[in-house]
Amino acid sequence: MSKVIEVKHPLIQHKLTLIRDKNTGSKDFRLLVKEVSLLLGYEVTSDLPLEEVEIETPLVKAKSYVIAGKKLGIIPILRAGLGMVDAMLELMPAAKVGHIGLYRDPETLKPVEYYCKLPSDVSERKLIVVDPMLATGGSAAAAITFLKEKGANDIKLVNIIASPEGISEVQKLHPDVDIYVASIDERLNDHGYILPGLGDAGDRLFGTK
Ligand code: PRP
Ligand code: URA
């Protein structure tokens with residue numbers, strides 16, 4: 001079974017309070033999503049392999065470390081996942097970015113695919129799928145299934161808020177995918193929204209309704 005890492009850093013908890021507040025407007029919401037994504041990005045990269053290299057400081061030769069191993073890929077689930085990309089790219093500037101467009105049908109709550117553009121070598125990359133919300137889990141599970149169909153075999157999922165139901169769904173379908181999350185909330189409501197949650201992440205990020 002995969003690991004679920006709830007990152008309970010004080011800065012994350014503080015910023016989450018602001019993110020959840022309905023009075024936080026899009027400009028601040030975007031900034032806060034980026035800041036929390038940076039903190040989650042720090043955590044999701046904590047097991048990247050290193051290799052030793054030799055460098056020269058202005059004073060002496062020294063052994064030091066650089067990231068080694070597979071190249072990285074960031075995969076935002078559109079739209080709301082876009083809000084997490086800049087933070088991930090600031091931490092991993094050489095990563096390639098693949099986009100998967102999914103929206104949740106409001107009646108069935110099932111994900112509907114409308115766009116996909118991936119790096120050609122996803123099978124050789126460590127992929128980090130990003131989406132602020134893991135609600136029923138349908139969108140994340142579908143995106144991960146899609147990546148696996150393209151040959152991906154090394155995937156982590158990063159969400160800001162997850163429901164217990166969404167975590168169970170992803171773990172059931174993708175027991176190899178670890179999940180990093182800032183908060184595991186209480187439950188879903190009858191419309192598939194996370195409680196207490198933050199509302200509709202895409203709408204709040206982009207000022208739509
Ligand atoms: C939201 C969110 C996730 C999905 C989560 O996207 O960003 O992708 O819902 O719900 P699920 O776990 O039940 O699938 P939405 O479908 O609202 O599209 P948007 O990002 O374009 O607003
Ligand atoms: N998508 C969102 O943006 N928010 C939720 O609470 C559930 C799905």
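Note that residues are indexed from 1 along each chain, following the sequence as it is written. All chains are assigned letters beginning with A, and all ligands numbers beginning with 1, in the order in which they are written. With the structure being a predicted model, the display of local features is reserved for residues of pLDDT at least 70 and the display and counting of side-chain atom pairs for 80 or more, all residues being used for whole-chain, interface and lining totals. Values shown for side chains rest on all heavy atoms present in the structure; no hydrogens or waters enter the calculation.

Chemist: Which parts of the structure should I look at to understand helix 5 (residues 164–173)?
Modeler: Since there are 3.6 residues in each turn of an α-helix, residues three or four apart along the chain are aligned in direction. The complete set of buried residues in helix 5 reads Gly166, Ile167, Val170 and Gln171. Taken end-on, helix 5 shows its buried residues confined to a sector of 130°, consistent with a single buried face. Whether two residues are in contact is decided by their heavy atoms: any pair within 4.5 Å suffices. Every helix listed is a DSSP run of H or I at least four residues long, and every strand listed is a run of E at least two residues long, numbered separately from the N terminus. On its buried face, helix 5 sits against strand 1 (4–6), strand 9 (133–134), helix 4 (138–149), strand 10 (155–162) and strand 11 (178–184). Using a 1.4 Å probe on the protein chains alone, a residue whose accessible area is under 20% of its type maximum counts as buried, one over 50% counts as exposed, and one in between counts as partly exposed. Arc definition: it is the arc formed by the directions from the helix axis to the C-beta atoms.

Chemist: What am I meant to see in the site of ligand 1 here?
Modeler: Nearness of a residue to a molecule or strand requires only that one of the residue's heavy atoms be within 4 Å of it. As a structural note, the neighbourhood of ligand 1 is formed by 15 residues, with Arg104, Asp131, Thr136, Gly137 and Ser139 the closest of them. A 3.5 Å cut-off defines polar contacts: any pair of N or O atoms within that distance qualifies, except that in protein one atom must be a possible hydrogen donor and the other a possible acceptor, and neighbouring residues in sequence count only when both atoms are side-chain atoms. Between an oxygen atom of ligand 1 and a main-chain N or O atom of Ala80, the distance comes to 3.0 Å. Here an oxygen atom of ligand 1 and a side-chain polar atom of Ser139 are 2.6 Å apart. The accessible surface values rely on the Shrake-Rupley method and a 1.4 Å probe; as for residues, cover is taken only from the protein chains in view. With the chains in place, 91% of the 500 Å² that ligand 1 exposes on its own is no longer accessible. Of all elements in the fold, only strand 6 (99–104), strand 9 and helix 4 reach the threshold of two or more residues within the shell around ligand 1. Three classes are used, and their members are as follows: Ala, Val, Leu, Ile, Met, Phe, Trp, Tyr, Cys and Pro are nonpolar, Asp, Glu, Lys and Arg are charged, and the others, Gly among them, are polar. In the shell around ligand 1, the residues fall into six nonpolar, five polar and four charged.

Chemist: Teacher, can you tell me more about the site of ligand 2 here?
Modeler: The local shell around ligand 2 consists of Arg104, Met133, Ala135, Gly192, Tyr193, Ile194, Gly199, Asp200 and Ala201. Between ligand 2 and Ala201 there is a distance of 2.8 Å, counted from an oxygen atom to a backbone nitrogen or oxygen. In isolation ligand 2 exposes 240 Å². Once the protein is present, 88% of that is buried. Tallied by class, residues from the shell around ligand 2 come to five nonpolar, two polar and two charged.

Chemist: What am I meant to see in the UniProt feature "domain: Phosphoribosyltransferase" (unreviewed entry) in the chain here?
Modeler: UniProt positions are given in the numbering used here, feature names are shortened, and annotations may be inferred rather than shown by experiment. As recorded in UniProt, the feature "domain: Phosphoribosyltransferase" (unreviewed entry) lies at residues 8–208. For residues 8–208, the helix share is 32%, the strand share is 32%, and the end-to-end C-alpha distance is 30 Å.

Chemist: Just to check I follow, could you spell out the confidence of the model for the chain for this structure?
Modeler: The predicted coordinates of low-pLDDT regions are not to be read in fine detail. Confidence scores here are pLDDT values: one per residue, from the predictor, ranging 0 to 100. In the predicted model, the chain carries a mean pLDDT of 97, and 100% of its residues have values of at least 70. Predicted complex metrics record ipTM = 0.98 and pTM = 0.97.

Chemist: I tried to follow the UniProt feature "binding site: uracil" (unreviewed entry) in the chain on my own but got confused; where do I start?
Modeler: Residues annotated by UniProt as "binding site: uracil" (unreviewed entry) correspond here to Ile194, Gly199, Asp200 and Ala201. Mapped onto the elements of the fold, Ile194 is located in strand 13 (residues 194–195). Under the relative-accessibility criterion, Ile194 is labelled buried at 6%. Dropping the residues within four chain positions of it, Ile194 is found in contact with Met133, Leu134, Ala135, Ile161, Ala162, Ser163, Asp185, Arg187 and Leu188. Relative to the helices and strands, Asp200 resides in the loop between strand 13 and helix 6 (201–206). Given the relative accessible area of 25%, Asp200 is considered partly exposed.

Chemist: Help me out: how do you make sense of the pattern of salt bridges in this one?
Modeler: Where side chains of opposite charge bring their charged atoms close, a pairing between them can arise. Any carboxyl oxygen of Asp or Glu that lies within 4 Å of a side-chain nitrogen of Lys or Arg is treated as forming a salt bridge with it. For the coordinates displayed, the defined rule picks out eleven salt bridges. For Lys15, the salt bridge goes to Glu35, with nearest N and O atoms at 2.9 Å. One end of the pair, Lys15, is in helix 1 (residues 10–20); the other, Glu35, is in helix 2 (residues 26–44), with 20 residues separating them in the sequence. Owing to a relative accessible area of 16%, Lys15 belongs among the buried residues under this scheme. Note on Glu35: relative accessible area 25%, which makes it partly exposed.

Chemist: Would you mind showing me how to read the environment of Gly69 here?
Modeler: Relative to the elements of secondary structure, Gly69 occurs in the loop between strand 3 (61–67) and strand 4 (71–78). For the pair Gly69 and Glu51, spaced 18 residues apart in sequence, the C-alpha separation works out to 8.5 Å.

Chemist: Sorry if this is basic, but what is going on with the pairing of strand 2 (residues 50–56) here?
Modeler: Successive side chains on a regular strand alternate, one facing one side of the sheet and the next facing the other. With seven bridges joining them, strand 2 and strand 3 adopt antiparallel strand pairing. Its bridge partner being in strand 3, Glu56 is matched across the sheet by Lys61. Two strands are counted as paired when DSSP detects at least two bridges linking them.

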